[in-house]
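For reference, the chains in residue letters:
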Amino acid sequence: MTVRTRFAPSPTGQVHIGNIRAAIYNWLFARHAGGQFLLRIEDTDRERSTPAAVQAVLDAMAWLGLNYDEAPVYQSTQTAAHLAAAEQLLKTGHAYKEDKGGTGKGECVIFRMPGTDMSFRDEIKGDLVKKAADMKDFVIVRSDGTPVFHLANVVDDLHMNITHIIRGDDHVENTYRHVALFRALGATPPKYAHLPMIVNAQGKPYSKRDGAAYVGDFRAKGYLGEALFNYLALLGWSPGGDRELMSRDEMARLFTFDRVQSSAAQFDLVKLLWMNGEYMRALPREQREAACRAVLQERGLWNDALPAGYLGRVLDAMAERIKLFTDIADAGYFFTEDFAFDEKSVQKRLLKPGALELLAATRTVYAGMADFSAAATEAALRELATARGLGMGDLVHPVRVAISGTAVGPSLFHMLEVFGKDRVLRRMDKTLEKFGHR
Ligand code: GLU
């Protein structure tokens, strides 16, 4: 039997990370088994399933590298098959018609539950059972002739020959009905794996209120699709050992349901950021530079007159401070003379008694230097500190704020080297003037 899984989102707006994690697990399991991974767009909610919502699903999948094996199935095109299945159920006595409100507006089709306890084996949660008394017959075709979710979902899975249904555990209650529908249609139900949900630090379902919750949010913030894929795959599944950074193929090779945890998984942005930083560093330079350049262009910080290789030198200086492409925008002072001064940094570092005088003294020393390498500017500052009986920090902090406007940033001496002597002196002069040192 060839394994066939599917991702079956209802496109209603943006794609939540919980949903895309289900897609990732479907993909991993299908690839692990050498089977097929399919996409079905459950677009029967005509009002909410806009072309933009469908596009958001397709974009999210492409960005994460979730390639699927056959043309996507649009549920809205399968109505005839859904209604034919309802007819079959009526004929075999598994369904009946009823004029629900007695309004004469038309009859709906109701599925007759078998009247026995229902059970199925979940690949993650184990055996699940529901008592006959807790299950009622349910509508499968509305009085206006439209099929209901349960019918459409089951009939499509049947026609697509899906062997494993991997989805969020908010569907567990539906599954008892779905199993009954499969059997009534003369089919063996597929295997089920229900994923525990993603929760926030308080153990509540992770939502927009907790921060970025949609795939598009992460993309816009400058995350890498590979990093988000890796992070979400490990959010609830463990390959064993303490391996964390893995390629899609490695994860597919190792993926099994018995290592999917059955309790909720807590979303940890700090860990995702760390992981993204690791992926950023592993990228080829050109790719990292191109993505950072795009961010700078978008924010109006890019200037075509910058010397060749300049961005590369900035990124080297920033090194592990860049965990996201968009982090480059925090270092806008590398790209414009018109950078802002952070008020707190100014108060603490520049306007502290004596700081401007030390800045002026440093300026004099730097003006007389021919070699402006990081090593040279550091040695010169050390000499000045020793001569004055001061710590390095007394000199470093005012210089940093003077040339970048902020007290946080990469190593000062690398920054000085990237800026170059002329620019450093100009900025120091401007700052001394601005803050009143004569
Ligand atoms: N479209 C439904 C959802 O997104 C069905 C999911 C499924 O059966 O996998 O919740």
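1. Structural notes on the overall build of the protein
Scanning the protein from terminus to terminus reveals 17 helices and twelve strands. Relative to the compact-globule value of 22 Å for 438 residues, the protein shows a C-alpha radius of gyration of 30 Å, a clear excess of over 25%. Overall, the C-alpha framework of the protein stretches about 100 × 50 × 40 Å when taken along its three principal axes. Considering only contacts in the protein between residues 6 or more positions apart, those separated by 24 or more positions represent 73%. Counting only carbon and sulfur atoms, one obtains 49% of the accessible surface of the protein, whose full area is about 20900 Å².

2. Side note on the layout of surface pockets
Where empty space is left can be seen by rolling a probe of water-molecule size over the atoms. As a volume, the largest pocket reaches approximately 810 Å³. Listing elements by their share of the lining of the largest pocket, those giving two or more residues are strand E1 (4-7), helix H1 (17-32), helix H4 (149-159) and strand E9 (164-168). Element by element, the count of residues in the lining of the largest pocket is highest for H1, at five residues. Looking at the lining of the largest pocket, its residues break down into 16 nonpolar, eleven polar and six charged. Taken together, 17 residues line the second largest pocket, and the ones lying closest to its centre are Thr44, Asp45, Gln75, Arg142 and Pro147. Those elements that place two or more of their residues in the lining of the second largest pocket are helix H3 (79-91) and H4. Of the residues that constitute the lining of the second largest pocket, the class distribution is four nonpolar, eight polar and five charged.

3. Side note on the sheet that holds strand E8 (residues 138-141)
Ordered by their spatial adjacency, three strands build an open sheet running E4-E5-E8, and the pairing between neighbours is antiparallel. Each edge of the open sheet carries a strand with a single partner, namely strand E4 (95-98) and E8. The mean inter-strand angle of the sheet, taken between neighbouring strand axes irrespective of direction, is 45 degrees. Of the pairings in the sheet, the one linking E4 to strand E5 (residues 108-111) comprises four bridges and is antiparallel in character. Each residue of the ladder has a partner; that of Lys97, found in E5, is Val109.

4. Considerations on the sheet that holds strand E3 (residues 73-74)
The sheet built from three strands is open, its strands ordered E1-E2-E3 with parallel pairing. Taken across any chain shown, the strands that pair with only one partner, and hence form the sheet edges, are E1 and E3. Here strand E2 (residues 36-41) runs beside E3; their pairing, made up of two bridges, is parallel. Residue pairing for E3: Arg40 is matched across the bridge by Val73. This element, helix H2 (residues 51-64), spans E1, E2 and E3 of the sheet and lies at about 160 degrees to E2.

5. Digging into the site of the ligand
Every residue close to the ligand is listed here: Arg6, Ala8, Pro9, Ser10, Glu42, Phe149, Asn153, Arg167 and His171. At 2.6 Å from an oxygen atom of the ligand is found a side-chain nitrogen or oxygen belonging to Arg6. Taking Arg167, its side chain carries an N or O atom lying 2.8 Å from an oxygen atom of the ligand. Considering the ligand on its own, with 290 Å² of exposed area, one finds that the protein chains cover 85% of that surface. Counting atoms within 2 Å of the grid points, the majority share of the ligand lands in the largest pocket. Grouping the amino acids of the shell around the ligand by side-chain chemistry returns three nonpolar, three polar and three charged.

6. Notes on unusual backbone geometry
A positive phi is found at Asn161, a non-glycine position, where the angle reads about 55 degrees. Examined against the element boundaries, Asn161 turns out to sit in the loop between H4 and E9. Judged by its relative accessible area of 52%, Asn161 is exposed. In the Ramachandran plot, Ala319 falls in the positive-phi region, its phi being about 35 degrees despite a non-glycine side chain. Relative to the helices and strands, Ala319 is located in the loop between helix H11 (310-318) and helix H12 (343-350). Classification of Ala319 as partly exposed rests on a relative accessible area of 33%.

About the cut-offs
- Each chain carries its own residue numbering, running from 1 in the written order of its sequence.
- Only residues with pLDDT of 70 or above have their local features reported here, since the model is predicted, and side-chain atom pairs are shown and tallied only from 80 upward, although totals for entire chains, interfaces and linings are computed over all residues.
- Side-chain numbers here rest on the full set of heavy atoms in the structure, without hydrogens or water.
- In this description a helix means any DSSP run of H or I spanning at least four residues, a strand means any run of E spanning at least two, and both kinds are numbered starting from the N terminus.
- Radius of gyration: over C-alpha atoms. The globule rule applied is 2.2 Å multiplied by the number of residues raised to the 0.38 power.
- Residue contacts follow a heavy-atom distance rule, with two residues in contact if any of their heavy atoms lie within 4.5 Å.
- Values of accessible area rely on a 1.4 Å probe in the Shrake-Rupley scheme; residue burial ignores everything except the protein chains shown.
- Both cavities and pockets are sets of points on a 1 Å grid over the protein atoms alone; in a cavity a 1.4 Å probe fits but cannot get out, in a pocket the set is open with protein on both sides within 12 Å along at least five of seven lines, and lining residues sit with an atom within 4 Å of a point.
- Grid points are joined across faces, edges and corners, and a volume is the space filled by probe spheres set on the points.
- Side-chain classes are defined by residue name, with Ala, Val, Leu, Ile, Met, Phe, Trp, Tyr, Cys and Pro counting as nonpolar, Asp, Glu, Lys and Arg as charged, and the others, Gly among them, as polar.
- By the convention used here, strands pair only if DSSP detects at least 2 bridges between them.
- A fitted line through C-alpha atoms serves as each axis, taken over the contacting stretch for helices, and the angle formed by two N-to-C directions is quoted from 0 to 180°.
- One heavy atom within 4 Å of a molecule or strand is enough for the residue carrying it to be called near that molecule or strand.
- N or O atoms closer than or at 3.5 Å make up a polar contact, with two conditions inside protein: a donor-capable atom paired with an acceptor-capable one, and, for residues adjacent in sequence, both atoms drawn from side chains.
- The rule for placing a molecule in a cavity or pocket is simple: more than half of its atoms must lie within 2 Å of the grid points.
- Summary of the burial criterion: residues with accessible area below 20% of their type's maximum are buried, those above 50% are exposed, and those between are partly exposed, where the area comes from a 1.4 Å probe applied to protein chains only.

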